[in-house]
Amino acid sequence: MHTSAVLEESALLTQHSFTAEIEAGLLQDCATISPKFLYDALGSHLFAAITFLPEYYPTNTEKSILAQYRNQIAEVVGKDGVLIDLGAGNCLKAASLFDSLKPSTYVAIDFSIEYLNEALNQLKSKHPEIAMHALGMDFSQHLTLPNSIPMQHRTFFYPGSSIGNFSAVEALQLLKKIKSQILDGGLLIGMDLMKPDDVLIDAYDDPLKVTAAFNLNILRSINNHLNSDFDVSQFKHVVTINHQENRVELYLEALDDVRVQWPNNVRTFKKGERIHTENSHKYTIESIKQLLRSAGFESIQIWTDAKKYFAVIYAK
Ligand code: AVJ
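Residues numbered from 1 in each chain as written. Predicted model: local features only at pLDDT ≥ 70, side-chain atom pairs only at ≥ 80, totals over all residues.

Per an unreviewed UniProt entry, the recorded name for the chain is L-histidine N(Alpha)-methyltransferase, and the organism is Sapientia aquatica.

See the structure below:
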């Protein structure tokens, strides 16, 4: 009861600020939309589809690292704890850890609460022994857990290199926030490593065009939030690699001159003009250690795959 009251309240607060946030981004010279708006109900399903693409190596690689080192990971995490899943999505990754980590409580947090509830209801019947909670929130803004979630023995699970969406400054802020909510537990996080450009381009511009659909869908998500009239067919998915910033960048490029309007405002895009929708930062073992140390983590353990495509880290 307490949890749902908290949820409704935060949903009201955020609804208002999203309009202003989206509008500000669209009106900048170089228009931007925050990647969190990729994850409406359809977007969450499209992202789930991406994770099944053979070209999208992060999910499969992370999965194989988690499987290969499950015993070592279970050892450092310990049993009977509270597993807090940041950006839980379809909850499949966390669920794959249940047998080895044996959590007593599972807290799934995601921006898209409808999608999360769908996923969690299925999981509940499979694991009646685990207390489960779904929280719909934008944890990059506030990471406040209900008082009913114990403080002891928390493991924050932040897989998939989702942290890669954030700039170095934002990532550090979020990691500090996570650290401040850990007493005797830790953080189990997945982070993507730097690799050849062609591998990155294949992963983010796949031949089936699932990622293109995922990226373009953000315009429909924005239409719903803002009451705007973006026409998806007037834009195309573009991927570039920024070597200075060590990241993949996603854009939507206007195929023609485009005029978009919403209550009280309008924005025109010239042919070729781009809207920036996502950054996906890539790390090195050294930059991972540096980032986690700056956030206050003292003990850092890293597992990786043979190709060194991806890293799973336990930090406390
Ligand atoms: C969920 C942020 C980790 O950056 O790889 C996948 C999102 N975007 N394909 C990523 C994404 C396009 C994904 N993260």
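### Looking at the overall build of the chain
Scanning the chain from N- to C-terminus turns up 11 helices and 12 strands. For 316 residues, the compact-globule estimate of 2.2 N^0.38 gives 20 Å, and the C-alpha radius of gyration of the chain, at 20 Å, lies within 12% of that figure. Taken over 316 residues, the chain has a buried fraction of 38%. At a minimum sequence separation of 6, the contacts of the chain that also span at least 24 residues come to 70%. (Helix = DSSP H or I, 4+ residues; strand = E, 2+ residues; numbered from the N terminus. Rg over C-alpha atoms; globule rule 2.2 N^0.38 Å. Buried ≥ 20, exposed ≤ 12 C-beta atoms within 10 Å, placed from the backbone. Contact = placed C-beta atoms within 7 Å.)

### Notes on the domain arrangement of the chain
Taken as a whole, the chain is organised into domain 1 (17-47 + 208-281) and domain 2 (57-195 + 285-315). In this assembly, 12 residues from domain 1 lie in contact with nine residues from domain 2. Within the residue set of the side of domain 1 that touches domain 2, elements represented by two or more residues are α2 (41-50) and β10 (274-281). Ranked by residue count, the leading element in the side of domain 1 that touches domain 2 is β10, at four residues. The class makeup of the residues in the side of domain 1 that touches domain 2 is four nonpolar, five polar and three charged. (Domains from an automatic or database assignment. Nonpolar A, V, L, I, M, F, W, Y, C, P; charged D, E, K, R; others polar.)

### Details of the environment of Gly160
Inspection of the secondary structure assignment puts Gly160 in the loop between β4 (154-158) and α8 (168-180). For Gly160, a count of 22 C-beta atoms within 10 Å gives the class buried. Measuring from C-alpha to C-alpha, the distance between Gly160 and Asp99 comes to 20 Å, with 61 residues separating the pair along the chain. Setting aside chain neighbours within four positions, we find Gly160 in contact with Pro58, Thr59, Glu62 and Gly190.

### Side note on the nonpolar core
Counting residues in hydrophobic clusters, the biggest one holds 50 residues, and the most contacted among them are Ala108 and Ile109. Top element by residues in this core is strand β12 (residues 310-315). It accounts for six residues. Filtering out sequence-adjacent residues up to four positions away, Ala108 remains in contact with Asp85, Ala88, Cys91, Leu116, Leu120, Met132 and Ala134. In terms of nonpolar packing, the next biggest core, distinct from the first, is built from 29 residues, Ile33, Leu250, Tyr251 and Val260 among them. (Core = buried A, V, L, I, M, F, W, Y, C linked by C-beta atoms within 7 Å.)

### What about the site of the ligand?
Neighbouring the ligand are Ile50, Pro58, Gly160, Ser161, Ser162, Gly164, Asn165, Tyr204, Thr211, Glu278 and Ser280. Classifying every residue of the shell around the ligand by side-chain character gives three nonpolar, seven polar and one charged. Each of two domains, domain 1 (17-47 + 208-281) and domain 2 (57-195 + 285-315), supplies a minimum of three residues to the shell around the ligand. (Near = placed C-beta within 6 Å.)

### Let's talk about the sheet that holds β10
On the basis of which strands lie adjacent, the open sheet formed by three strands has the order β6-β7-β10 and antiparallel pairing. Unpaired on one side and paired on the other, β6 (235-242) and β10 mark the two borders of the sheet. Pairwise comparison of adjacent strand axes, ignoring direction, gives a mean angle of 20 degrees for this sheet. The pairing of strand β7 (residues 247-254) with β10 spans seven bridges and is classified as antiparallel. Bridge pairing in β10 links Glu253 to Arg274. Docked against the sheet, helix α9 (residues 197-204) engages β6 and β7, running at close to 155 degrees with respect to β6. Across the sheet, helix α10 (residues 210-226) is in contact with β6, β7 and β10; its angle to β6 comes to roughly 110 degrees. (Pairing = 2+ DSSP bridges. Axes fitted to C-alpha atoms, helices over the stretch in contact; angles between N-to-C directions.)

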